[in-house]
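Structural features, examined
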Amino acid sequence: MPSTLIDASQHIVLIAHKNPDADSLGAACAFYSYLLRSQKKITLFCVSSEINPNLAFLPWFDKITASFPEDADCMISFDCGSYGRLGIEKELPLINIDHHISNDFYGTYNLLNTSAISTTEVVYDYFVANGIKINGKMALSLYAGLIEDSKCFSAAECNAKTFALAHSLLESGADHAMCIEWLYRRRSLASLRIRGILLKQMKLLVDGKLALFEVPLSLLEETGAIVAECKRVLDEALGMRSVEAAIMVLEHPRGGAKLSLRTDGGIDAAKIMGEFGGGGHVRRAGTRLKHENYDELVKNIMMMITKELV
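Here goes a summary of the coordinates provided.

Scoring rules and cut-offs
Residues numbered from 1 in each chain as written. Predicted model: local features only at pLDDT ≥ 70, side-chain atom pairs only at ≥ 80, totals over all residues. Heavy atoms only, no water. Helix = DSSP H or I, 4+ residues; strand = E, 2+ residues; numbered from the N terminus. Expected span 1.5 Å × (residues − 1). Buried < 20%, exposed > 50% of the residue type's maximum accessible area, 1.4 Å probe, protein only. Polar contact = N/O pair within 3.5 Å; in protein donor to acceptor, adjacent residues only side chain to side chain. Salt bridge = Lys/Arg side-chain N within 4 Å of Asp/Glu carboxyl O. Core = buried A, V, L, I, M, F, W, Y, C linked by side-chain atoms within 4.5 Å. Contact = heavy atoms within 4.5 Å. Right-handed = clockwise from strand over helix to strand, strands pointing away. Pairing = 2+ DSSP bridges. Axes fitted to C-alpha atoms, helices over the stretch in contact; angles between N-to-C directions.

1. Some points on helix H4 (residues 136-149)
Under the 1.5 Å per step criterion, the end-to-end length of H4 is 20 Å for 14 residues, consistent within 8% with the ideal 20 Å. In terms of burial, H4 is a largely internal element, 11 of the 14 residues being buried. All of the buried residues in H4 are Met138, Ala139, Leu140, Ser141, Leu142, Tyr143, Ala144, Gly145, Leu146, Ile147 and Asp149. You can read the cap of H4 off the contacts: a side-chain oxygen lies 3.2 Å from the backbone nitrogen of Lys137, and it is on Asn135.

Following this line, the structure appears as structure tokens:
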């Protein structure tokens, strides 16, 4: 059992995935708050050197480190659909907490619920099942992930449990206004600049059913934007009447490209990205193409999407 491994460990590393969102980091921060009660050594780890500043309101944000401790004896990953999303390779016992339908059960223990709208929902259920009291900091962290992955309660996956969870977390001290302010209202100048450029350069294919965004590294350097700020336009494009899928091809600084796909649910994004080593959810998924000459692979992905749309 995961709780048995936690009890037996002395130094636990909580891992948010590369380029973390509020769900991954929120789940990790909630667990950090919980484990502080245990008097164990706790490290909040993320391999990314640049983390979205809009997540700075999360408790323990200032504790995040990219240095993995040598004396760690246990790892817990949050919202990582595959082992590669951790960004490290360590021969340590691992608890894998996630909600991705494409998760490949890479952990020593796997705490998965693919029907959960967010990984923070999975963590909340773990706390409740184990009689763990949720304080204000834990509630805020969990609520942030819920807000993020439910798209502020506008996602099709929202159900009665989603709102019951929101109610419970607000009762426990989560600050709705703070989450909305930081996750949806605060914008950097760079994010506004790149949004305008990407929407202007957007290509509509397959009779307007597919929106394509291409992001070279030079555009990120020119605007000063980060990856998370680029991806916002995918949801905006998907809101257009004719668009059923939106894909972004983002040049990776270490070669190859990062692909992000959003759909209206008519085609399975996780299935398509899974064909190329990625994964995610039915309506949103991604993959990393490590080949220097990735153009042919992108064409194959585009062909798969096109076949689903026609």
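2. Brief notes about the pattern of salt bridges
Within the structure shown, the criterion is met by nine salt bridges. Across the pair Lys161 and Glu121 runs a salt bridge, and its minimum N-O distance is 3.1 Å. With Lys161 in helix H5 (residues 160-171) and Glu121 in helix H3 (residues 119-129), this residue pair connects regions lying 40 residues apart in the sequence. Judged by relative accessible area, Glu121 falls into the buried class, the value being 3%. Between Arg195 and Glu236 there is a salt bridge, with its nearest N and O atoms 2.9 Å apart. With Arg195 in helix H7 (residues 189-201) and Glu236 in helix H9 (residues 227-238), the pair connects residues that are 41 residues apart, well separated along the chain.

3. Some words on the nonpolar core
Membership of the largest hydrophobic core comes to 56 residues, with the highest contact counts inside it found for Leu14, Phe31, Ile76, Phe78 and Phe127. The element best represented in this core is helix H2 (residues 22-35), accounting for 10 residues. Aside from chain neighbours lying at most four places away, what touches Phe127 is Ala30, Phe31, Tyr34, Ile132, Ile134, Met138 and Leu142. By size, the runner-up hydrophobic cluster in this structure holds 23 residues, among which are Leu261, Ala270, Phe276 and Val298.

4. Some details on the pairing of strand E1 (residues 11-16)
Of all six residues in E1, six are buried; the element is thus mostly enclosed. Of the two faces of E1, the one holding His11, Val13 and Ile15 and the one holding Ile12, Leu14 and Ala16 are both buried throughout. Between the parallel pair E1 and strand E2 (residues 41-45), the chain is carried across by H2, and the sense of this crossover is right-handed. By the bridge criterion, five bridges tie E1 to strand E4 (residues 74-78) in an arrangement that is parallel.

5. What to know about unusual backbone geometry
Among all residues save glycine, negative phi is the norm, and among peptide bonds the norm is trans. Look at Trp60: it is not a glycine, yet its phi comes out positive at around 75°. As for its position among the elements, Trp60 is in the loop between E2 and strand E3 (64-65). Non-glycine residue Val206 carries a positive phi angle of around 50°. Topologically, Val206 is positioned in the loop between strand E7 (203-205) and strand E8 (210-215). Accessibility expressed as a relative area gives 19% for Val206, which makes it buried.

6. Notes on the sheet that holds E4
Strand order in the open sheet made by the six strands is E3-E2-E1-E4-E5-E6, with parallel pairing throughout. If you trace the sheet from one side to the other, it starts and ends with E3 and strand E6 (109-112), each paired once. Looking at chain direction, E4 and strand E5 (residues 94-98) are connected through four bridges and run parallel. Counterpart to Met75 in the pairing with E5 is Leu94. Sheet contacts for H2: E1, E2, E3, E4 and E5; angle to E1, the most-contacted strand, approximately 160°. The strands touched by H3 within the sheet are E4, E5 and E6, with E5 carrying the most contacts at an inclination of about 115°.

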